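One-letter residues, chain by chain:
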Amino acid sequence: MSSKLWAALAASALLAGGVAACGGSDDNGGGGGSGASGNIAGAGSSAQQAAQEAWVAQFENDNSGATISYDPIGSGGGRDQFIAGGQTAFAGSDSPFDEEELPKATQRCSGEGGELIQIPNYLSAIAIIYKLPDVQDLQLSPETTAKIFRGEITKWNDPAIAADNPGASL
């Protein structure tokens, strides 16, 4: 794989979510549309699949000699394949490597003459699902939502939810 492809992947990874890859120095520069070429495989989070497909399509459009594949096998599977080496050059993950995985990933990259690069920048949407027959459009302020996630609000008729939804039958 060319070093230009590595540099271009690193540049495009600024758009990718939770990407981990091995990087090294490159005197040739790089970036989108730099004429990068080669094949690169990644695997990981299925939540990132649609975003990965869009980013890969644009990158390949800008770099006709590059081919990138992404296997949405799950965050853990992508991390395992990345650490094992050989199968994938990058992993899309829902979280950074933990204390047990980090030395293995770092060692994998240093064995290839590079260093581990982790770029946390993909956000998955979180939805609050509710079933309140008489409420068509539940409103939750950021403060109320935070209290729900902290476990401080456990009932739909909590005063904070009621204040966010005047007149609603909770």
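For the structure itself, look to the data block above.
Scoring rules and cut-offs
Residues numbered from 1 in each chain as written. Predicted model: local features only at pLDDT ≥ 70, side-chain atom pairs only at ≥ 80, totals over all residues. Heavy atoms only, no water. Axes fitted to C-alpha atoms, helices over the stretch in contact; angles between N-to-C directions. Helix = DSSP H or I, 4+ residues; strand = E, 2+ residues; numbered from the N terminus. Parallel < 35°, antiparallel > 145°, perpendicular 65-115°, else oblique. Contact = heavy atoms within 4.5 Å. Nonpolar A, V, L, I, M, F, W, Y, C, P; charged D, E, K, R; others polar. Phe/Tyr/Trp six-rings, centres within 6.5 Å; stacked < 30°, edge-to-face > 60°. Lys NZ or Arg CZ within 6 Å of the ring centre and 35° of its normal.

(A) Layout of the packing of helix α3 (residues 75-84) against helix α4 (residues 101-110). Relative orientation of the contacting elements α3 and α4 amounts to 45 degrees, with a least axis distance of 8 Å. Viewed along their axes, α3 and α4 adopt a mutual orientation that is oblique. Residues Arg79, Phe82 and Ile83 of α3 lie in contact with α4, whose contacting residues are Glu101, Lys104, Ala105, Arg108 and Cys109. By residue class, the composition of the contact of α3 with α4 is 4 nonpolar, no polar and 4 charged.

(B) Region of interest: the packing of aromatic side chains. Per the stated rule, a full pass over the model turns up 3 aromatic pairs. Ring geometry for Phe82 versus Phe97: centroids 5.9 Å apart, planes at 25 degrees, classification stacked. Pair noted here: Phe82 is in helix α3 and Phe97 is in the loop between β4 (90-92) and α4, with a separation of 15 residues, a long-range link. Directly above the aromatic system of Phe82 lies the positively charged group of Arg108, at a separation of 4.4 Å from the ring centroid.

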